[in-house]
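Residues per chain, in single letters:
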Amino acid sequence: MHSENTKNREDEVKDFDFIDYMIQQISYENNIDEEDFDIEVSVNYTLNFDEESMIAFGECDIFVDDELHQGLLSIHVKTVGIFSYTMSALTEDMRRKYHIESISILNPKWRDTLLKITSLVELPPIELEDLEIDETEVILDNRETLN
C-alpha cells in the first residue's frame, strides 16, 4: 500500500529516463602483501543539468582504498550516467528528486562495475551497498552533489 506522498513522488519522476552509462576512467594499484586488511569505499556523485537540451549527467567517482590509506590497494572508477527529462522548469524539489532517482538507477551499475573490476584483477569481490539518500543530503548549487 502506497501513501499519498509515495504515489506523488513516483508520478513526479516518471519523466526522468535513463539513456546511457559510460565508464570514463579506471585506475588500479595493488601493493597487497598481506591477506587481511580492511577497505574503505567512498562515492562522490554530482548531477548536472543541461536545461536547454533537457539532459542530466550523473558524474560519479568511486574510490576504494585500504582503510588505513597505506597504499595497499587503490581503485578509482569514474562513470557518467545520462538521463533525459521533460520538466521545462526545474524546481529545487525536482532537482532533488531527479538526483535521488538517478542514484537508484545507477547504483546497481556501479555495483556491477566494481564487481567486474575486482574479478578482473583477481581480488575478492568488493560489493557496493545500496545508497539510501534523503532529500536533505542533496546539496543544490547548480551542481547537485552528494559526498
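Refer to the structure above for everything that follows.
Analysis parameters
Residues numbered from 1 in each chain as written. Predicted model: local features only at pLDDT ≥ 70, side-chain atom pairs only at ≥ 80, totals over all residues. Heavy atoms only, no water. Phe/Tyr/Trp six-rings, centres within 6.5 Å; stacked < 30°, edge-to-face > 60°. Helix = DSSP H or I, 4+ residues; strand = E, 2+ residues; numbered from the N terminus. Pairing = 2+ DSSP bridges. Core = buried A, V, L, I, M, F, W, Y, C linked by side-chain atoms within 4.5 Å. Buried < 20%, exposed > 50% of the residue type's maximum accessible area, 1.4 Å probe, protein only. Contact = heavy atoms within 4.5 Å.

So, on to the packing of aromatic side chains. Throughout the structure, instances matching the rule amount to 7 aromatic pairs. Look at Phe49 and Tyr85: their rings are 5.6 Å apart centre to centre, the planes differ by 80°, and that puts the pair in the edge-to-face class. Separated by 36 residues along the polypeptide, Phe49 in strand β2 (residues 39-50) and Tyr85 in strand β4 (residues 73-85) bring together distant segments of the chain. Cluster of aromatic residues (ring-pair linked, three or more members): Phe16, Phe18, Phe49, Phe83, Tyr85 and Tyr98.

What follows deals with the pairing of β2. The sheet contact formed by β2 and strand β3 (residues 55-66) spans 12 bridges and is antiparallel. If you follow Ser42 over to β3, its bridge partner there is Phe63. Hairpin connection between β2 and β3: a loop of 4 residues separates the two successive antiparallel strands, and Met54 in this loop has a positive phi of roughly 55°.

Ranked by internal contacts, the top residues of the largest apolar core, which has 29 residues, are Tyr45, Phe49, Ala56, Ile75, Tyr85, Tyr98 and Trp110. Those elements that provide at least two residues to this core are β1 (16-30), β2, β3, β4 and α2 (92-120). The contact partners of Ile75, leaving out residues within four places of it in the chain, are Ser27, Tyr28, Ile62, Phe63, Val64, Ile117, Thr118, Leu123 and Ile126.

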